[in-house]
Structures are given as C-alpha cells and as structure tokens.
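Commentary on secondary and tertiary structure
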Amino acid sequence: MNKDINKQGHFGSFGGRFVPETLIYALDELTREYSTAKKDPRFRRELSYCLSQYAGRPTPLYFASNLSRYLGRGIRVYLKREDLLHTGAHKINNTLGQVLLARRMKKTRIIAETGAGQHGVATATVAAMFGLECVIYMGTEDIKRQRLNVLRMRLLNAKIVPVKSGSRTLKDATTEALRDWVTNVGSTYYIIGSVVGPHPYPVMVRNFQSVIGKEARRQILAKEKRLPDYLIACVGGGSNSIGLFHPFFKDKKVKFIGIEAAGEGIFSGKHAATLVKGSVGVLHGAKSDVLEDKFGQINIAHSIAAGLDYPGVGPEHAFYKKIRRAEYYAVTDSQALKGFDLLSKVEGIIPALEPAHVIAYLQTRAQKLKPDSLIIVCLSGRGDKDLDIIYGR
Amino acid sequence: MNRIEKKFKELKEKKKKAFIVFITAGFPSLDITRRLVLELEKNGADLIELGVPFSDPLADGPVIQNSSQRSLKAGTTLDKILSLVKSLRKHTQIPICLMSYYNPIFCFGKKRFLSLARSFGVDGIIIPDLPPEEDKDFISACQRSKIDTIFFLSPTTALKRIPFINRMTRGFIYYVSLTGVTGARNRLPTDLIKRLKIIKKHTDKPVCVGFGVSTPEHVKQVFSIVDGVVVGSAIIKKIQDNAGSPGLVKKIGRFVKYLSSA
C-alpha cells in the first residue's frame, strides 16, 4: 500500500504540499529528520518508553458487554480505551512522537492549534515535560466551550493565543498556527494535531497514531482468535480513525467506518461532514475533501463536538473514500448527545462528544451491520471536558 | 513579447526599476479597484497585482486578510475579477497579474480560468500556496496560454532549489524579503542585500522584492540591487484608513507617487 504514497506525500491524487515557499525548507528538514528517526532504535526506544511509562500504553481493549446486549442481534462491541491515556485522549500518542522529533531538531519553541483543546493539552503536557516554550492557537468560540481544557493548558504553562478571525474555531486556529510557523520557522516546531496539513504531517501523524490499531489488532486476535468485522471511529481531521484503521489496511475483510459530525443535519448547512458532503479542494497545505462553496471559499463547519468542528479532513481519508476502502457516515448533534448518555449509563464510561458520535451511530444504525458481527470502536477520549456543553444546554 | 516582458525591457532601457502595486480586488469595491488601477498607473505603478480574496489566506498578515474578508463579504468572485480585467483593458495596457490562492482557481476550473484569463488580458499569475512541483501540468498550461507563472524565493529556500524555481518562473521572480506573512515592517532584514546578490547570480530573470516593503527608504534600499519592488499592505492599510472618503482614489494615487519617487 505504501506505493500509493509517493515521495511528495500524495495519497493517490490527495495530499501534497500546498504551502508558501518559506515552509518548503522546513518541511524538507522535517521529512528528513523523521525518516532518520523512524529507523533509529534509540528514538523508537525512547518513544515506546514514553508511551508506556508516561502516557499509559497499552490501553485496554474492553468488551462492552452491556452496550453489546443493548444493541442486540449478537453484535459484540469492543472499545479501544484511548480515553484512559494521560491527558484523556489519543492525542498524546502523536504529541510525544513529535516532541521527541522537535528535540532531535534542537527546536526550542513548540506551537500547536487546537479545537476541543485535547491536542492543545497533549502538546502543552509534553512541552512542560521537556521544558520547551509552548504557544497554543485556539479559536475564541472553542475557548468558550472548552473552558476546562483552557484551564489545564494554562496550568501546564502554555501561552494560549485566542483566534478571533473567521469561524473562531479549529480552522482559523490552524491558519494562525501556520502563519506563526512561516514567521518563526527557524526556532519553532509546529506539532500538528491530526493527519492533516502538508507532507510529511499526514503520514507522520498517522504512523504515530497507528499504535492504536497495532495494539487493537494484537488484542482482538488474543481475545477472539479472529479479526473484527468492523472498525468504527469518529472523523474530524481523522487521526484516531486512521490510527485504528491503517494497521488493518491489508485485511480486506475488515470494514472501516468513519463517523463525521452532521451537526444540525447534513442539509442544514451547519455540519462538519466533510467526506459525506464535501468536495475536493485545498486547505491548510493539502488537497483533500473540504467544505467549500462553489467559488472555492472554505465554509464554516459546525459540530457540538469541538474536535470534529473542522471543514477539512486528512487526505488519506479522502483517498480511502475514493478507493472505497472505508465508508463514511454522519451523525447529528442531538444523536451524539444520546450516544453520550447511553455509554455513560450502560457502561459507566463518559465518552468525549467526539466518539459519542460513534456510539450514536451504533445506537441508530446497528441494524445495518451484519448480525453477530465483531466490532472495534475507538473510544478516542473521555468526556469530562464536555460537561459544560452538556449542562449548559 | 507579453506585457510583463515588455515592461521590464522598457524599464531596463530607461535604467529604471519596476514599482509593483498589490491591491485586493473588490476592496472596498470592484468599481473602486477599477478606478484605483487607472489612478495608480498615472502615479508611477509599473505593474498591478490584483489579489483574489480567499477565506483562509495563510501567507497574509492581518491587513490583507482583513481586506480579503471585506471583499468576500461584498460579493467579489474570481469571475467578477476577470471581468474587471477585461473592462480595464479598454483603458490601459499596464501589466496585470492575479495573485490567488490555489483553491479559488482549482474550484473555478483551471482550464476555464486560463482561457478567460488569456482572452481578458491577464498577464501573469502568482499563487502563494503553490510550490511549482505540486501542479506542473497547470504551470505548462499557463505558459502555453502566455500567462506568466511567477514563483517565490524566500530566505529559507535552499541554494540548490533556486535553479528549479528559476526554470519554472516566467515574468519575474518574487523574492520574499523575510520569513513571515505579508505586512508593513519598520525595517527590512539586514542580510537582505547579501541574499539578493546570491540570488541574482543564479537567475537570468528580473527579481522583485516584496513583503515588508512599506516606505520610500525601503524602496530605495532594494532598488540598488533588484529589478523591482512590490508594495501591498502599506497601500491596503491606506485604503482601509480612507475607505468611504470621496477622495480615496486620488489619495492612494498620491501615496503611490510618494512611495515610488524613491
């Protein structure tokens, strides 16, 4: 499958590097450094040490017996518990990998964008651990709705730059972070939080997140002596889903299902269902599916889950969709809230609103899945951060 | 010979440098943009860059970003900008380049864009988020349509990459004076002249400097070594400060005359 990704980071016709000339050198430098590090046993040992001793890997693959019984028809659901990681979401798998790279490259300043704040917290965390200066770009809309994560980032000594332009959410935070990087490219390492952006980020972030799928594959084979029928994960930028899917890419019988945010409905104009409803375009350095108007202006996305509220998606997802390796569906805000409630009540696990979309998909459309099927859901994060949204409504 | 080439040749014969003005098309309105182009020409502009507004202009600073947002709100589209060029061509032969991010052109349809741009009198295209390796087909199509493809060199561009950019470029090379987004600066980088001298050695094409050029002193400083300068944010800022004033067009004309008299 690696032949589908060429040297310039194209997945089929998607991906690439649509960035100002100033960044080309930095991206080349990063590509070189990453490909050396990847093969360096010391780097791998260090990363694996951090993942196990600091972040808490491996995460359990938990058989959700109550949820399975609730769904019926012999369906068995396992949850990959990324919510149990340090900082409460899968984001730390990636920030640990990238901060180790930043250190190798002798960068002294870390920047990142964040939507839900999970990536911001995961970045601020690793920056604190390694004693690096950290600046987080966050839309003012997200600052309002993810107050808890803002407080955590402050505590971790990160400087938060509120972004007031455009949608005031993840899209504009990302644009601002890219502007910062163009300006401070010499001293600064930009930790992108998802499988988006210019090459090598989509490949690199996917590889760091692939630990999810690799573990899950080993765990399900140990528990069930067979591969699952479905892998289901939520898709904003798409890092937890690609992380789960990618190690199963060659297992053709394993179906991939990505769940996007339908917001107030996919025909309402207020949604973030990029793969379901978008078209091909270029945003934040890569060609992929985007939400745009007919003039190529990027639309403002909407989702109750800040981490899904993004009008773009990783190019590898656009590629999976095109070659029909994965299917993508969308779930509304109100359905997601019911999924949130369901998992909390039946399993005693409060999910983040992002993976609550996956629970809602199972809740509303399980009848479309094969009876007696074996499913792995990526429970990408925990829901503490969302209580303001839940109780503010 | 197209209008850009001709202009640089003329200037060279007169031992003069190109004064290039960037304005955001449709800011504050397309009609004012049309009048501005004509007024700027009278006041010393040698080439006009018309900015096509984009929702997420990641190479631009707050001034141009803001002007783009306002232009979009006023309903500016690439279609309308092309028509504007068409109507301008009845009155002026000043070289006109469009500066657009990739996505508006991609969504417009690259083929359709080129055929309209060519027949309406666009001379060059500058795409700040398109490194030449990303769309070589489009670049050769531009060149077949006699539309110059203007690419950037930056302070971070590796020396070994310069010949490649030089090869893909037509018209002139756009040198980004600093690592950063567009916007006025108090002073230009100290190693700028040194860097430009190196670049001049590696290219046979005119080299123009932009980003941060905002005073007659800046202009004078770089004119000693390059073939032209691009001024954008300083002018957009002036437009912004005077938007709504009846004397806007004349005022901007005078400002450009002041800048270009260096």
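None of these values were measured; they are calculated from a predicted model.

**A word on the packing of aromatic side chains**
By the definition in use, this model includes 17 aromatic pairs over all chains. For the pair Phe63(A) and Tyr78(A), a centre-to-centre distance of 5.2 Å together with 50° between the ring planes defines the contact as tilted. Taken together, the residues Phe63(A) in strand β3 (residues 61-63) and Tyr78(A) in strand β4 (residues 76-81) connect sequence positions 15 residues apart. The class of Tyr78(A) is buried, set by a relative accessible area of 5%. Both rings, one in Tyr102(B) and one in Phe106(B), keep their centres 5.7 Å apart while their planes meet at 25°; by these two values the pair is stacked. Separated by four residues within a single helix, Tyr102(B) and Phe106(B) lie in helix α5 (residues 102-108), roughly one turn from each other. Through a chain of ring-to-ring contacts, the aromatic side chains of Phe245(A), Phe249(A), Phe256(A) and Tyr320(A) assemble into a single cluster.

**A short note on the environment of Met168(B)**
Residue and element names in this part refer to chain B. By secondary structure assignment, the location of Met168 is in helix α8 (residues 162-168). When its relative accessible area of 14% is taken as the criterion, Met168 is described as buried. Measuring from C-alpha to C-alpha, the distance between Met168 and Ile139 comes to 7.6 Å, with 29 residues separating the pair along the chain. Excluding residues that lie within four positions of it along the chain, Met168 makes contacts with Pro132, Lys136, Ile139, Gln143, Thr149 and Phe151.

**Section: helix α2 (residues 41-55) of chain A**
Given 3.6 residues to a turn, an α-helix orients residues that are three or four positions apart in the same direction. Residue and element names in this part refer to chain A. Taking 1.5 Å per residue as the helical rise, α2 with its 15 residues ought to reach 21 Å, and the 20 Å between its terminal C-alpha atoms agrees with that figure. For α2, the complete set of buried residues consists of Phe43, Leu47, Cys50, Leu51 and Ala55. What you see down the axis of α2 is that its buried residues fit within an arc of 95°, all on one side. Exposed positions of α2 whose direction lies more than 90 degrees from the buried face are Pro41, Arg42, Arg45, Tyr49 and Gln53. Those residues of α2 that are buried lie in contact with α1 (21-39), α4 (91-104), α5 (118-130) and α9 (201-209).

How each quantity is defined
- Residues numbered from 1 in each chain as written.
- Chains lettered and ligands numbered in written order.
- Predicted model: local features only at pLDDT ≥ 70, side-chain atom pairs only at ≥ 80, totals over all residues.
- Heavy atoms only, no water.
- Phe/Tyr/Trp six-rings, centres within 6.5 Å; stacked < 30°, edge-to-face > 60°.
- Helix = DSSP H or I, 4+ residues; strand = E, 2+ residues; numbered from the N terminus.
- Buried < 20%, exposed > 50% of the residue type's maximum accessible area, 1.4 Å probe, protein only.
- Contact = heavy atoms within 4.5 Å.
- Expected span 1.5 Å × (residues − 1).
- Arc of directions from axis to C-beta.

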